[in-house]
Amino acid sequence: MVNQPGKLTPQAVLGEMLKNEVTHVVCLPDSETNWLYMLMEKEPSLDLVRVAREGQAISTASGISVGGKKPVVLIQNTGLMESGDSIRGWGMGLNRPLVLIVGYRGWTRKGVTPDTAAVYTERFLNAFNIDYYLVESDDDVSRISLAFDEAKKKNQPVAVLIGVEYES
Amino acid sequence: MIETADMLRVFAQYRGNSIVIPGRGGRHWVPLSDQPSRDLPLRDPAMGGHASFAFGMALALPQEKVVLFDSEGDIIMNMGALTTIAEKAPENFYHFLLDNECYATTGGQAIPNATKTAYDVIAKGAGYRAAYAYDDLEELSNDMERILSEPGPVLVAMKVYPEIESLPINARPAWVTRTRDKIIADVQQSVGVATR
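Residues numbered from 1 in each chain as written. Chains lettered and ligands numbered in written order. Predicted model: local features only at pLDDT ≥ 70, side-chain atom pairs only at ≥ 80, totals over all residues. Heavy atoms only, no water.

1. Re the overall build of chain A
Put simply, the rule reads: Note on conventions: DSSP H or I runs of at least 4 residues are helices, E runs of at least 2 residues are strands, and numbering of each starts at the N terminus. Just to be clear, the radius of gyration here is over C-alpha atoms, and the globule rule we use is 2.2 Å times residues to the power 0.38. Here the term buried applies to any residue with accessible area under 20% of the maximum for its type, exposed to any over 50%, and partly exposed to those in between, with areas from a 1.4 Å probe on protein chains only. Surface accessibility in these figures is a Shrake-Rupley result with a 1.4 Å probe; residues are shielded only by whichever protein chains are displayed. Asp and Glu count as negative and Lys and Arg as positive, but His and the ends of the chain are not part of the count. Here the site of a charge means NZ on Lys, CZ on Arg, CG on Asp, or CD on Glu.
Scanning chain A from N- to C-terminus turns up 7 helices and 6 strands. When the helices and strands of chain A are listed from N to C terminus, the series reads α-β-α-β-α-β-α-α-β-α-β-α-β. Taken over the C-alpha trace, chain A has a radius of gyration of 14 Å; the compact-globule value for 168 residues is 15 Å, and the two agree within 12%. For chain A, the spread of C-alpha atoms along the three principal axes comes to 40 × 35 × 30 Å. Within chain A, the proportion of its 168 residues that are buried is 58%. Per element, the accessible surface of chain A, about 7000 Å² overall, is 50% carbon and sulfur. Averaging the positions of the 17 positive and the 21 negative side-chain charges in chain A gives two centres separated by 4 Å.

See the structure below:
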């Protein structure tokens, strides 16, 4: 699996999940993650758990974590905000080392984003004191491993913000 | 209507070695349990999440029987969880529902459509392998052993008497004697997974 500088490929993100021995991906698909979703479905070592609402992803992942397996949560920033109470209670309150890979809808480095989903994402994470890493290309994907390391060290959720759409 | 404490005494006879997440029945279950190291009396980390949490444990520990005592107020906060549980269909998951038709911990206000909602029908419609409804303890007692020997996921909806709490939260008697970290560590040690 060769990373592609300047682009974000689903293969690179999947590679990080496998490197970190993720067992379950608790996810609610969004348009940005579709390529990754298709790859994950073909990966026999991953158990995909499809949820109906993002707060449900956090409590599910928390249970998987207490059960001794290693989940990752894959959601969009809109759903991250919906998940606030679940993150507080089931993630932070139970001291779970959860990595949340979050589609950063609306994020741009150019001009002003009109998308309030992006406007409030980092403010939300800061309000909850959740550390986060930005990933915009394959050059950045090693930050996913940093997030796993930090979550384990602190026994707290850590977020990875996916700032671009995947290229297949 | 069923008294929660009486129902839990019946369940205790058939608990076996299962992991028990007592949820809203916690304050009755803690003094009853003969295996506290396999219990997760977490109180209420965040309302609406018990079903997903217990389901997650069932997924991670397929060799263990996982029993949850959920509430109807929790389940209607996150009804979509039922479809996820049904899709993954963990055979080791037993989902008991304490339906007291009100929000007892906040003073007894009515649950939406409290007397007409059929949670067993909803669970069955979501795709649970089996779902039952009881409002009589004797009938439930007769069926408890059989239900717990069936493959899950199973939902058991029970009409229970409300135990309304009106004291301010900080003035309520504490019934959990261990920290959450200790409770989790005890269960993880009991099932043989690395603590954390």
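2. Side note on the interface of chain A and chain B
Applied cut-off: Only heavy atoms enter the contact rule, under which two residues are in contact if any of them lie within 4.5 Å. Simply put, the buried area is the total loss of 1.4 Å probe accessible area from both parts when two parts are fitted together. Counted as salt bridges are all cases of a side-chain nitrogen of Lys or Arg within 4 Å of a carboxyl oxygen of Asp or Glu. Under this definition, polar contacts are N or O atom pairs within 3.5 Å; protein pairs additionally need one hydrogen-donor-capable and one acceptor-capable atom, and for neighbouring residues in sequence, both atoms have to be side-chain atoms.
Each side of the interface is counted separately: chain A has 29 residues, and chain B has 26 residues. Contact between chain A and chain B buries roughly 2200 Å² in total, counting both sides, with carbon and sulfur atoms accounting for 57%. At the boundary of chain A with chain B, the tally comes to 2 salt bridges. For Lys88 of chain B, the salt bridge identified is with Asp47 of chain A, shortest N-O distance 2.4 Å. Linking chain A with chain B are 10 residue pairs in polar contact (both at pLDDT 80 or more), by the criterion used here.

3. Thoughts on the environment of Val160 of chain B
Residue and element names in this part refer to chain B. By the secondary structure assignment, Val160 is in the loop between strand E7 (154-159) and helix H8 (180-191). Note: C-alpha distance between Val160 and Asn170 (10 residues apart in sequence) is 25 Å. Discounting residues that sit within four places of it in the chain, Val160 has contacts with Met1, Ile2, Thr4, Leu98, Asp99 and Asn100.

4. Brief notes about the layout of surface pockets
Residue and element names in this part refer to chain B. Our working rule: Here a cavity means grid points, on a 1 Å grid over the protein atoms only, where a 1.4 Å probe fits yet cannot get out; a pocket means an open set of points with protein on both sides within 12 Å along at least five of seven lines; lining residues are those with an atom within 4 Å of a point. Grid points are joined across faces, edges and corners, and a volume is the space filled by probe spheres set on the points. When residues are grouped by polarity, Ala, Val, Leu, Ile, Met, Phe, Trp, Tyr, Cys and Pro land in nonpolar, Asp, Glu, Lys and Arg in charged, and all others, Gly among them, in polar.
If you add up the space inside the largest pocket, you get close to 750 Å³. Lining the largest pocket are 33 residues, and of these Arg24, Ala104, Thr105, Glu165 and Arg172 sit closest to its centre. Broken down by element, the residue count for the lining of the largest pocket peaks at 3 residues, all from helix H2 (residues 26-32). Of the residues that constitute the lining of the largest pocket, the class distribution is 13 nonpolar, 12 polar and 8 charged.

5. Details of the pairing of strand E6 (residues 158-162) of chain A
Residues and elements named next belong to chain A. Convention followed: Two strands form a pair only when DSSP identifies at least two bridges running between them. Clockwise travel from the first strand over the helix to the second, with the strands pointing away from the viewer, marks a crossover as right-handed.
Of all the 5 residues making up E6, 5 are buried; the element is thus mostly covered by neighbouring parts of the structure. Of the two faces of E6, both are covered, the one formed by Val158, Val160 and Ile162 as well as the one formed by Ala159 and Leu161. The sheet contact formed by strand E4 (residues 99-103) and E6 spans 5 bridges and is parallel. Directly across from Ile101, in E6, lies its bridge partner Val160. Strand direction decides the pairing type here: strand E5 (residues 132-135) and E6, joined by 4 bridges, are parallel. Looking across to E6, one finds that Val135 is bridged to Ile162. In the classification by handedness, the crossover that spans E5, the intervening helix H7 (residues 142-154) and the parallel E6 is right-handed.

Geometry only, nothing functional implied.
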